[in-house]
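# Observations on the model geometry
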Amino acid sequence: MDKILRIDVGASGGPRVTIADMGDYAGLGGRGLTSAIVNAEVPADCHPLGPENKLVIAPGLLSGTSAAMAGRISVGCKSPLTNGIKEANSGGQGGQVLARLGYAAIVIEGGRQGDELYVLRVSKDGATVTADESVRMATNYQLMEKFQPEYGSKGAMISIGTAGEMRLSAASIAVSDVEGRPTRHAGRGGVGAVMGSKGIKAIVLDGTGAEVHKPAHPEAFKAARKEWAKGLAKHPVTGQGLPAYGTNVLTNVINEAGAYPTRNFSTGQFEGASKISGETQAALEVERGGTATHGCQRGCVIKCSGSFNSKEGLFVTKQPEYETVWSHGGNCAIDDLDIIAEIDRLDDDYGLDTIEMGATIAVAMEAGVIPFGDGQGAINLMHEVGKGTPLGRILGSGAAVTARAFGLEHAPVVKGQAMPAYDPRAIKGIGVTYATSTMGADHTAGYAVATNIMKVGGDVDPLAVEGQAELSKNLQIATAAVDSTGMCLFVAFAVLDQPETFQALVDLLNACYDWDLDADGVAAFGKKVLSFERDFNARAGFTPADDRLPSYFKREPLAPHNVVFDISDEELDTVFA
Amino acid sequence: MARSQFFTLLQQGVGVPGKVGASVREFLVQDLGLDPGYVDGDLQTVFLDSQPVDDFDSTHIRDGCVLALSGAMPGLAGTTLRRGGYYARMRDGITHASDLPSTPGSDRCLVQLKLFNKPLADLADLLAVRPLRIPDVEGAIWVAVRLNRE
């Protein structure tokens, strides 16, 4: 995994392929690599859909190895949704296959010539780009039908649906899963629109002859890998909770906490939560012949996914995740799992971010386009987006644009990106991360990764008054480091609670790359990644005034606790002071 | 009653008698009959009237209160809500503060008990053999649930 594949879509005579070594980017992977390239090579003031922007697709540092949970893939660019730097990452098979083909990154750059659409094919023998008119306005599942015979069970596909092709700001990039389905997405920030702007519709990865990434120290790596898998298996979250119910296990708990954004963030509890909870969903999946425990990539030992079948027992979609069930469920006052599953399928098929689309439809509901709770109406709106009707193009541009179009203040966004499934008035620490993340409102930007073990930025007393800002900063640093490894963020719980599991992760990196990292080194790495991103955003024109929640979160109390977001601007500004 | 139906009911909450003035720990161990090791080890996320509970001993039940039991949860929010967790500070605006036992008006009170995820799977059978007060068209009724074989 020591090469960078560059596709210049603006080259005369058609897209040009070059393969180069890592150069100055050696030692980087995943988010670290995407953010380094975007920061160094993309003019921060460029238009996100213009020729100066670049789309960088990079497996993590440990992707392609035999370590469990290491196959995530990062996608970076300047975001058309936030106008800042973006890294969105995805599960599925793409990260493992690309890494095993020897590539640390694919960089798609230049200005598209004409209106042609292209398919990029990558194999152990190199890469080719071919114009293909047959893929125009194809959905992701249609692309699967067309290309699965090529990528088969050993390869993978990275693609955009109709939303990306139309360059809508809520467009995602799909990555095929173990079954070859386009169910995993680099969802956030409109990365699919940037891929669409380059005219690349699909990347077909031929895994034939791809080899497992060999570590520098095989025996040490094997020992660390064993300890790593053992740590994940014994933890109550990674070993029990997630496998049994998936991420949707959170619905009941967040709802009970009064932090479950309902009806476009107007209240913190949804009366229909038990009908769409992870517990109910898992039972329904099993009853209909689906599965409630399944991995999205080979090498996954947590298996937080599953498959959702129709009443007739036919596959509809992968197990909808918590964020999806919330955004299209409680946030829209929809309590029907069949409706939510159908919308999840449409998100995957048209290539749309489920969080952004659920938040957007809820805004449209508040605007009176359709009533809250109207499941069929929500499905119809999804089709409007996927087909590109005038209304659909507004909705596909995200919650902020939709609120503006309908004259509403209530756009639950930061830096133009919709908030995920935790109301920041109830859990204020998450609000600090929503506000100050380089990515816009993002629940994964400051994950609960072992900051207490890593002691990022020194020991912090979480009960101290100033704890919120310091905690958020440390979480963001630690998350940036983990996002660079290719590890699924769900490893965080085992790493958080079990020092020996955190050490196993560090040992995996050291054995793989002949490094001598310690906890401080991991923290320094995370800080470096964040510095790339903050530097880019500053040059793109972001100021502390952008590190804020919408003012109505400070003014309008959230039931049942009747709390507002009362972290001061001054404290928010200390996060990265 | 079908098991799936009972599971839905337990997520929504059932009425369970408790002793007035009992701490949450006393209710869980003495009234529900849970193993103290299970209470401390497995009930990682607990809410009293929608407020996260950190200390079982300094928090008390009262008539009509809602007690929800859950295992350890994923995500930053899940970790934040965990009992006594490192990140508890991040939700201090909604945390259940220590309180005093309520003054007994009678010996017994009714606790609305909700079970989620691991406790739901672990404790459903225990609850199925005791009198429960469940919602009914006429308000609420006491029942002894008999689960069907599935």
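Quick caveat, the model's predicted, so the values are computed rather than measured.

### Side note on the overall build of chain A
A tally of regular secondary structure across chain A gives 23 helices and 17 strands. Relative to the compact-globule value of 25 Å for 577 residues, chain A shows a C-alpha radius of gyration of 22 Å, a close match. Counting only C-alpha atoms and orienting by the principal axes, one finds that chain A spans roughly 60 × 55 × 50 Å. The buried share among the 577 residues of chain A stands at 67%. Considering only contacts in chain A between residues 6 or more positions apart, those separated by 24 or more positions represent 71%. For chain A, the exposed area adds up to about 17800 Å²; of that, 51% sits on carbon and sulfur atoms. Of note, chain A has its 50 positive side-chain charges centred 4 Å away from the centre of its 69 negative side-chain charges.

### Considerations on empty space enclosed by the protein
All names here are of chain A. A full pass over the atoms with the stated rule returns four cavities of 30 Å³ or more. Estimates place the volume of the largest cavity at around 900 Å³. Forming the boundary of the largest cavity are 47 residues, of which Arg72, Asn89, His185, Glu321 and His443 lie nearest the centre. With four residues, strand S5 (residues 85-90) is the largest single contributor of residues to the lining of the largest cavity.

### As for the sheet that holds strand S14 (residues 305-309) of chain A
Residue and element names in this part refer to chain A. Across the sheet, three strands lie side by side as S13-S14-S15; this open sheet has antiparallel pairing. Among the strands making up the open sheet, the edge pair consists of strand S13 (291-294) and strand S15 (315-318). In this sheet, neighbouring strand axes are inclined to one another by 25° on average, regardless of whether the strands run parallel or antiparallel. Alignment of S14 against S15, held across three bridges, turns out to be antiparallel. Residue pairing for S15: Ser307 is matched across the bridge by Lys318. Where helix H11 (residues 337-350) meets the sheet, it contacts S14 and S15, and its direction lies at approximately 70° from that of S15.

### Points about a nonpolar patch on the surface
Taken together, the side chains of Ile394, Val401 and Phe406 of chain A present a nonpolar region at the surface, about 200 Å² in accessible area. Among the secondary structure elements, Val401 of chain A is positioned in helix H15 (residues 399-405).

### Points about the confidence of the model for chain A
Looking at chain A as a whole, the pLDDT averages 92, with 96% of positions reaching at least 70. Low pLDDT, under 50, characterises residues 448-465 of chain A; the stretch is placed with 54 contacts to residues that sit more than four places away or in other chains.

### Describing the environment of His235 of chain A
Checked against the element boundaries, His235 of chain A lands in the loop between helix H6 (218-234) and helix H7 (236-245). When sequence neighbours within four positions are dropped, the list of residues in contact with His235 of chain A reads Gln240, Phe493, Ala494, Asp497 and Gln498 of chain A together with Arg82 of chain B.

### As for the domain arrangement of chain A
Residues and elements named next belong to chain A. Along its sequence, chain A is organised into domain 1 (3-205), domain 2 (246-418) and domain 3 (428-573). One C-alpha centre belongs to domain 1, the other to domain 3; they are set 26 Å apart. Listed as interface residues are 34 residues of domain 1 and, on the opposing side, 32 residues of domain 3. Summed over both sides, the interface between domain 1 and domain 3 buries roughly 2600 Å², with carbon and sulfur atoms accounting for 62% of that surface. In terms of surface lost to domain 3, no three residues of domain 1 exceed Arg31, Leu61 and Leu62, which account for 28% of the buried area on that side. There are two salt bridges connecting domain 1 and domain 3. Between Arg31 and Glu533 there is a salt bridge, with its nearest N and O atoms 2.8 Å apart. Inspection of the domain 1/domain 3 interface yields 18 residue pairs in polar contact (both at pLDDT 80 or more). For the side of domain 1 that touches domain 3, the secondary-structure elements that each account for two or more residues are helix H1 (30-41), strand S4 (73-78) and S5. Top element by residues in the side of domain 1 that touches domain 3 is H1. It accounts for seven residues.

### Considering the packing of aromatic side chains
All names here are of chain A. Counted according to the given criterion, the structure contains six aromatic pairs over all chains. When the centroid spacing of 6.3 Å and the interplanar angle of 45° are considered together, the rings of Tyr260 and Tyr322 count as tilted. Of this pair, Tyr260 sits in the loop between helix H8 (250-256) and helix H9 (278-287) while Tyr322 sits in helix H10 (residues 322-328), and the two are 62 residues apart along the sequence. By relative accessible area, which is 0% here, Tyr260 ends up buried. Between Phe265 and Trp326 the ring centres are 5.8 Å apart and the planes differ by 85°, which places this aromatic pair in the edge-to-face class. Of this pair, Phe265 sits in the loop between H8 and H9 while Trp326 is found in helix H10, placing the two residues 61 residues apart along the sequence.

### A short note on the layout of surface pockets
Of the pockets and cavities examined, the largest pocket occupies roughly 430 Å³. Looking at the largest pocket, it is lined by 22 residues, and the ones nearest its centre are Glu279, Thr280, Ala283 and Leu284 of chain A together with Ser4 of chain B. Elements with a minimum of two residues in the lining of the largest pocket: H9 and H11 of chain A together with helix H1 (3-12) of chain B. With seven residues, H9 of chain A is the largest single contributor of residues to the lining of the largest pocket. Considering only residue class, the lining of the largest pocket consists of nine nonpolar, four polar and nine charged. Approximately 240 Å³ is the volume attributed to the second largest pocket. Gln93, Gln96, Val97, Arg100 and Arg298 of chain A are the residues nearest the centre of the second largest pocket, which is lined by 15 residues in total. In terms of residue class, the lining of the second largest pocket is built from four nonpolar, seven polar and four charged.

Parameters and conventions
Residues numbered from 1 in each chain as written. Chains lettered and ligands numbered in written order. Predicted model: local features only at pLDDT ≥ 70, side-chain atom pairs only at ≥ 80, totals over all residues. Heavy atoms only, no water. Helix = DSSP H or I, 4+ residues; strand = E, 2+ residues; numbered from the N terminus. Rg over C-alpha atoms; globule rule 2.2 N^0.38 Å. Buried < 20%, exposed > 50% of the residue type's maximum accessible area, 1.4 Å probe, protein only. Contact = heavy atoms within 4.5 Å. Areas by Shrake-Rupley, 256 points an atom, 1.4 Å probe, with all protein chains shown as cover. Lys, Arg positive; Asp, Glu negative; His and termini not counted. Charge placed at Lys NZ, Arg CZ, Asp CG, Glu CD. 1 Å grid on protein atoms, 1.4 Å probe; cavity = no way out; pocket = protein on both sides within 12 Å on 5 of 7 lines; lining within 4 Å. Points joined across faces, edges and corners; volume = space filled by probe spheres on them. Pairing = 2+ DSSP bridges. Axes fitted to C-alpha atoms, helices over the stretch in contact; angles between N-to-C directions. Patch = residues over 30% accessible without salt bridge, like charges linked within 9 Å, V, L, I, M, F, W, Y side chains within 5 Å. Salt bridge = Lys/Arg side-chain N within 4 Å of Asp/Glu carboxyl O. pLDDT = per-residue confidence, 0-100. Domains from an automatic or database assignment. Buried area = accessible area lost by both parts, 1.4 Å probe. Polar contact = N/O pair within 3.5 Å; in protein donor to acceptor, adjacent residues only side chain to side chain. Phe/Tyr/Trp six-rings, centres within 6.5 Å; stacked < 30°, edge-to-face > 60°. Nonpolar A, V, L, I, M, F, W, Y, C, P; charged D, E, K, R; others polar.

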